[in-house]
Amino acid sequence: MSLIFETPARAGAVLEIDLDAIVRNWRLLARRAAPAACAAVVKADAYGLGAAKVAPALAKAGCRFFFVATLDEGILLRPLLAEPVEIAVLNGPLPGSAEEFAAHRLLPVLNDPGQIEDWARIASCEAAPPALLHLDTGMARLGLCEPEFASFLEGGRGGNAILWRGFMSHLACAEDPRHPQNALQRCRFLDGLRRFGAVCTGSDASRDSLASLAASSGIFLGRDYHFDLVRPGAALYGVNPQPQHPNPMRQAVRLRGKIVQVREVDRGQAVGYGAAHLMAHQGRLATVAVGYADGWPRSMSPRGLAKIGGKRVPLIGRVSMDLTIFDVSAIDPALVRPGAFVDLLDEEYGVDQAAADAGTIGYEILTALGRRYHRVYHGEAS
Ligand SMILES: *Cc1c(COP(=O)(O)O)cnc(C)c1O
C-alpha cells in the first residue's frame, strides 16, 4: 500500500516542496563558499523532501558532489545523477558491502581502521572509485581518532592501493560561532591535513584530494573553515544555519492540513486525550487531519500554532496520532469548514519556528514529514 500518491481530494494534508527555493539556497551557499566547491547533502531522502527530485534539480544548477548517509541511499541516487557527478556515502562500507560501492560507483567515506582495511582489499583488485578519509577532530561519532590516524599514517594504512578523493572532518558546534570547539577542531583538522598530505597524496591519482570541514553552519564561520569543499544539508532546505541571526535561507516547504470536523464547545469542555485542555470560554474547535504519525510532533502540545484566513490559531490539547485540534473561535465561521485548509508550515512559520514550539530542531521537523501527505513539487525541475 502506498499513500504517497494520494490525490489532493483524498489526502488529509498537502506538502508543497519548492525546488526553486532549494536551488536558490544552494546558489547562495555556493557563492558564500567560493572559491571552495559546494556539495549538497541529500541523506535521509534529502531531509525528507525527496532526494529523487532534489538531487537532479541541484545537479542541473551545477552541483557536482553529493553526500548520502547509507549505501542504499547512494544506490537509489546513482542512476539519477550521471557521472562525472560524484556521490559519497558518509557512513562508509558496513562489513561485507565494499564490493557494492565499487559496483555502483559510490565513493565511500572511510571512518575507521576496519573500513580502511576492507576498502584496501577492493581498491587493489578492481577499478574502484576513490575514497574519502574521515578524521574525528572532537565529536566522537565517526572518523579515525588520533591514535588510529597516527598508526594509519605509519603504514597500517592498507598499502598504497587506495586512491584518495578527500580528507574530511565534521564540526560539532558550528551553529554557535563563539564556541571554542570550532577553532579547536579546525586546528586539529589542519594538522591532520598536513600529515595526511605528506603521506597520502604524493601519487598523481590522489592529487585531486579535497579537504572538507564545513556543513551548513560551518560555511558561516568564514573563509578559514571552507577549505576545498563545503557540505551543506539543512540550510538547503530552509533551516537557519545561524540561529542567532535572521535566516538568510528560503523556506522550501509549505504544509497545509485539512479540517475534518468543526464543533461548538462550552466553557469547561475537556479537549483531547488526557483531558489535558479545559476550555476557558465557549468557542469553536477545528480538528485537522495531521498528527504525530505524520511527523507533527506530540511535543507541539500545547504551544503549536496554525494559520487560517491569515490569522494564527492556537493548538489545544494533545496532538494525537492522526489529528490535531485548534481553537478557531476567533476566525470567521465561513472559513472554518470540513475540507478547508489550515497552514501548518509556511514562509512565516517555518521549520525552525515549528521546531522551537516542539522543543526540537528544524532537522527533525523536516525528516519526520509524513508519508501520508499529498506531495506537490514546484520549480523548474519538477
Ligand atoms: C549531515 C552531515 C552534513 C550536513 O549537515 P547540515 O548541518 O545539515 O548542513 C555534513 N557532513 C556530515 C558528516 C554530516 O553527517
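Residues numbered from 1 in each chain as written. Predicted model: local features only at pLDDT ≥ 70, side-chain atom pairs only at ≥ 80, totals over all residues. Heavy atoms only, no water.

### Here's the deal with the domain arrangement of the protein
Part 1: Each assigned domain of the protein is listed here: domain 1 (19-237) and domain 2 (253-349).
Part 2: The gap between the C-alpha centroids of domain 1 and domain 2 is 42 Å. (Domains from an automatic or database assignment.)

### Side note on the layout of surface pockets
Part 1: In this structure, the largest pocket occupies an estimated 780 Å³ of space.
Part 2: If you go around the largest pocket, you meet 38 residues; those closest to its centre are Lys 43, Tyr 47, His 170, Ala 215 and Tyr 363.
Part 3: Going through the elements one at a time, helix H2 (43-47), helix H9 (216-219), helix H10 (351-358) and helix H11 (362-368) are the ones with two or more residues in the lining of the largest pocket.
Part 4: Residues belonging to the lining of the largest pocket are distributed by class as follows: 22 nonpolar, 11 polar and 5 charged. (1 Å grid on protein atoms, 1.4 Å probe; cavity = no way out; pocket = protein on both sides within 12 Å on 5 of 7 lines; lining within 4 Å. Points joined across faces, edges and corners; volume = space filled by probe spheres on them. Helix = DSSP H or I, 4+ residues; strand = E, 2+ residues; numbered from the N terminus. Nonpolar A, V, L, I, M, F, W, Y, C, P; charged D, E, K, R; others polar.)

### Here's the deal with the packing of helix H7 (residues 146-153) against helix H8 (residues 180-200)
Part 1: Where H7 meets H8, the closest approach of the two axes is 10 Å, and the angle between their N-to-C directions is 20°. On the basis of their axis angle, the class for H7 and H8 is roughly parallel. For the element pair H7 and H8, the recorded crossing hand is left-handed. Two secondary-structure elements touch here, H7 through Glu 146, Phe 149, Ala 150, Phe 152 and Leu 153 and H8 through Gly 192, Arg 195, Phe 196, Val 199 and Cys 200.
Part 2: For the contact of H7 with H8, a count of residues per class yields 7 nonpolar, 1 polar and 2 charged. (Axes fitted to C-alpha atoms, helices over the stretch in contact; angles between N-to-C directions. Parallel < 35°, antiparallel > 145°, perpendicular 65-115°, else oblique. Left-handed = near helix turned anticlockwise from the far one by under 90°. Contact = heavy atoms within 4.5 Å.)

### A few points about the pattern of salt bridges
Think of it this way: side chains of opposite charge can pair up when their charged atoms draw near.
Part 1: For the structure shown, the criterion picks out 17 salt bridges.
Part 2: One salt bridge in this structure joins Arg 312 and Glu 348, with 2.8 Å as the shortest N-O distance. Highlighted residues: Arg 312 in strand E16 (residues 311-316) and Glu 348 in the loop between strand E18 (341-345) and H10, separated in sequence by 36 residues.
Part 3: Among the charged side chains, a salt-bridge network with shared partners connects Glu 16, Arg 254, Arg 256 and Asp 343. (Salt bridge = Lys/Arg side-chain N within 4 Å of Asp/Glu carboxyl O.)

### Comments concerning the site of the ligand
Part 1: Taken together, 14 residues lie near the ligand, and Lys 43, Tyr 47, Ser 216, Gly 233 and Tyr 363 sit nearest.
Part 2: Note that an oxygen atom of the ligand is positioned 3.1 Å from one of the side-chain N or O atoms of Arg 141.
Part 3: For the ligand, whose accessible area on its own is 390 Å², the fraction buried by protein is 91%.
Part 4: Considering only residue class, the shell around the ligand consists of 8 nonpolar, 3 polar and 3 charged. (Near = heavy atom within 4 Å. Polar contact = N/O pair within 3.5 Å; in protein donor to acceptor, adjacent residues only side chain to side chain. Areas by Shrake-Rupley, 256 points an atom, 1.4 Å probe, with all protein chains shown as cover.)

### Section: empty space enclosed by the protein
Part 1: Counting across every chain of the model gives 2 cavities of 30 Å³ or more.
Part 2: When its volume is computed, the largest cavity comes out at roughly 50 Å³.
Part 3: When contributions to the lining of the largest cavity are tallied by element, the ones reaching two or more residues are strand E15 (305-308) and E18.
Part 4: In this structure, the second largest cavity occupies an estimated 30 Å³ of space.
Part 5: Here the lining of the second largest cavity is composed, by residue class, of 2 nonpolar, 2 polar and 1 charged.

### Notes on H7
Part 1: What H7 keeps buried is the set Phe 149, Phe 152 and Leu 153. Considered in projection along H7, the buried side chains sweep an arc of 95° and stay on one side of the axis.
Part 2: Of the surrounding elements, those touching the buried residues of H7 are helix H6 (113-125), strand E7 (131-134), strand E8 (164-168) and H8.
Part 3: With its phi angle positive at about 125°, Gly 155 sits one or two positions after the end of H7. (Buried < 20%, exposed > 50% of the residue type's maximum accessible area, 1.4 Å probe, protein only. Arc of directions from axis to C-beta.)

### Considerations on a positive patch on the surface
Part 1: A cluster of basic residues, Arg 24, Arg 27, Arg 31 and Arg 250, forms a positive patch at the surface.
Part 2: Looking at the secondary structure, you find Arg 250 in the loop between strand E10 (229-230) and strand E11 (253-265).
Part 3: According to the relative accessible area criterion, Arg 250 is partly exposed, its value standing at 39%. (Patch = residues over 30% accessible without salt bridge, like charges linked within 9 Å, V, L, I, M, F, W, Y side chains within 5 Å. Lys, Arg positive; Asp, Glu negative; His and termini not counted. Charge placed at Lys NZ, Arg CZ, Asp CG, Glu CD.)

### Some remarks on unusual backbone geometry
If a residue is not glycine, its phi is most likely negative; likewise, a peptide bond is most likely trans.
Part 1: Looking along the chain, the bond that leaves Ala 34 and enters Pro 35 is cis, with omega of 10°.
Part 2: Inspection of the secondary structure puts Pro 35 in the loop between helix H1 (19-33) and strand E2 (37-38).
Part 3: For the bond running from Glu 83 to Pro 84, omega is 20°, close enough to zero to count as cis.
Part 4: Note on placement: Pro 84 falls in the loop between helix H4 (71-77) and strand E5 (86-89).

### As for the sheet that holds strand E3 (residues 40-41)
Part 1: Spatially, 7 strands are ordered E3-E4-E5-E6-E7-E8-E9 in an open sheet, and the strand pairing comes out parallel. Of all strands in the sheet, those bounded by a partner on one side alone are E3 and strand E9 (210-212).
Part 2: With 2 bridges joining them, E5 and strand E6 (residues 107-110) adopt parallel strand pairing. Residue Val 89 lies in a different strand from E6, and its bridge partner there is Pro 108.
Part 3: Sitting on the sheet, H6 is in contact with E6 and E7, with an inclination near 145° to E6. (Pairing = 2+ DSSP bridges.)

### As for the side chain of Ser 97
Part 1: Inspection of the secondary structure assignment puts Ser 97 in the loop between E5 and helix H5 (98-103).
Part 2: Of the residues examined, Ser 97 reaches a relative accessible area of 9% and is grouped as buried.
Part 3: Side-chain polar atoms of Ser 97 contact the backbone oxygen of Leu 94, separated by 2.7 Å.

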